[in-house]
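One letter stands for each residue in the lines below.
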Amino acid sequence: MHVDQLDPDEFTGPVAVITGGWSRERDRSLLSGTAVTDALTVMGIKTRSLDLADREDLLAGLDGASVAFLAIAGRGAEDGRLQGLLETLGVPYTGSGVLASAVGMNKLHSKALVAAAGVRVPRGVKIAPTAAADEHAVGIEQLLGLPVIVKPVSEGGSIGLQVATTMESLIAAITEHGDGELMAEVFHPGRSVSVGVLEDQRGVIHVLPPLEAQTPNGLYSYAAKRGTAACDYHCPARVSAETLEDLRRQAAAAHCALGCYSYSRHDFIVTEAGEVLWLEVNTLPGLSRSGNLTRMALADGISYEQLVTHIVRGANIDRRART
């Protein structure tokens, strides 16, 4: 994929790098924000670093900015709310629009959309917050069997994800979560694989080499994603050529079905039987220099600076025309 070098004269004002926020992914966002700011600075682009958690500073910092670079993830940022604010203010921004961001953050809605487009997904069910945990557990066991994965409907980074192998652990997983919507999915042992998708301003899709995350217990958990648990990476993933092509095809189909724009990252499980199942989308994947999207880009011959260049150039589009 060819990416032309950025010219500082392309920008009439500074690039506002929005990071931080108040979600449980704040730490990940700050890493992305620092890496993006440093890369843009090296390329001669004037930047402003803004923390979403400081609303007054955010609004003041957006004044005069030519582009908002969303180096942030989680609630309040990846769910369409920040995108809606920027559209109201008339500030061009990177990544997907309001609708794709909102739908992508909700795992149940996004699964329904990609499944309708022919993308294979694991069977799952919503856990309504009104029923008792033991009643839910009985219904889930009858519908899906055990083991299952219990996870929040609208969190990223595998936050709150638990594997339940018994009725007791299933009840505990439902009870311990607290507030917020939950869902349960059939647990399929296999390889955890992520696939990055880049889209240029003409709508041409470029799929990056799939990346496999190998952990001792086979679960790509919150701790593994944060580097606090053992994890080895393989890019391309250690699967057959046919499976690699299937992963690429399904990632591109999911990107388009959800209305994502410019870039996205899709998480899959490749089961022990070789079946590819789509799990979720990251419409604002982490952008640290050691992040998964960066690893995939480097394996495809795209430098970190080129990746940042591609993303910032994607801000020059009216996403309302895509919804």
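Structure's up top.
First things first, this report covers the structure right here in the doc. This structure is a prediction, so every number in the text was calculated from the model and none was measured.

As paired elements, strand β8 (residues 190-199) and strand β10 (residues 211-214) share three bridges and run antiparallel to each other. Paired with S194 across the bridge in β10 is L211. As paired strands, β10 and strand β11 (residues 232-234) are joined by three bridges and run antiparallel to one another. Directly across from A213, in β11, lies its bridge partner Y233.

A few words now on empty space enclosed by the protein. Applying the stated criterion across every chain yields a total of two cavities of 30 Å³ or more. Space inside the largest cavity adds up to approximately 80 Å³. G104, M105, E155, E280 and V281 are, among the 10 residues lining the largest cavity, the residues nearest its centre. Only α4 (98-105) and β13 (276-282) provide two or more residues apiece to the lining of the largest cavity. Per element, the largest residue contribution to the lining of the largest cavity is three residues, and it comes from β13. Among the residues making up the lining of the largest cavity, the classes are represented as two nonpolar, four polar and four charged. Its volume calculated, the second largest cavity comes out at about 40 Å³. Looking at the lining of the second largest cavity, the element that brings in the most residues is helix α1 (residues 26-42), giving three residues. For the lining of the second largest cavity, the residue count by class is seven nonpolar, three polar and one charged.

Below, the discussion takes up the sheet that holds strand β5 (residues 148-152). Overall, antiparallel pairing links the four strands, which are arranged β4-β7-β5-β6 in an open sheet. The open sheet terminates on both sides in strands that have one partner only, identified here as β4 (124-127) and β6 (162-164). Direction aside, the axes of adjacent strands within the sheet are offset by 25° on average. Two elements, β5 and strand β7 (residues 182-186), share five bridges in a ladder whose sense is antiparallel. Bridging from a neighbouring strand, P152 pairs with L182 of β7.

What follows is about unusual backbone geometry. Backbone phi values are negative for most residues with the exception of glycine, while trans is the configuration of most peptide bonds. L146 connects to P147 through a cis peptide bond whose omega is 5°. Topologically, P147 is positioned in the loop between α6 (133-144) and β5. Each neighbour pair has its own omega, and for C235 with P236 the value is 5°, a cis peptide bond. Counting through the fold element by element, P236 comes out in the loop between β11 and α9 (241-257). Of note, the phi angle at S262 is positive, near 75°, even though the residue is not glycine. Position of S262 among the secondary structure elements: in the loop between α9 and β12 (263-271). For S262, a relative accessible area of 0% gives the class buried.

Thresholds, definitions, all that
Residue positions are counted from 1 within each chain, in the order its sequence is given. Thresholds applied to this predicted model are a pLDDT of at least 70 for local features of residues and 80 or more for the giving and counting of side-chain atom pairs; totals over whole chains, interfaces and linings are not thresholded and use all residues. To obtain the side-chain values, all non-hydrogen atoms of the structure were included, while hydrogens and water were left out. In this scheme, strands are said to pair when DSSP sees at least two bridges between them. Strands are runs of DSSP state E lasting at least two residues, helices are runs of H or I lasting at least four, and both sets are numbered from the N terminus onward. A cavity, in this analysis, means grid points on a 1 Å lattice covering only the protein atoms where a 1.4 Å probe fits yet has no way out; a pocket is instead an open set bounded by protein on both sides within 12 Å along at least five of seven lines, and a residue lines either one if it has an atom within 4 Å of a point. Grid points are joined across faces, edges and corners, and a volume is the space filled by probe spheres set on the points. In this classification, the charged set is Asp, Glu, Lys and Arg, the nonpolar set is Ala, Val, Leu, Ile, Met, Phe, Trp, Tyr, Cys and Pro, and all remaining amino acids, among them Gly, are polar. For helices, the axis comes from a line fit to the C-alpha atoms of the stretch in contact; other axes are also lines fit to C-alpha atoms, and the angle between any two N-to-C directions lies between 0 and 180 degrees. For every residue, the accessible area obtained with a 1.4 Å probe (protein chains only) is divided by the maximum for its type, and the residue is called buried under 20%, exposed over 50%, and partly exposed between those limits.

Function cannot be read off these values alone, since they describe shape.
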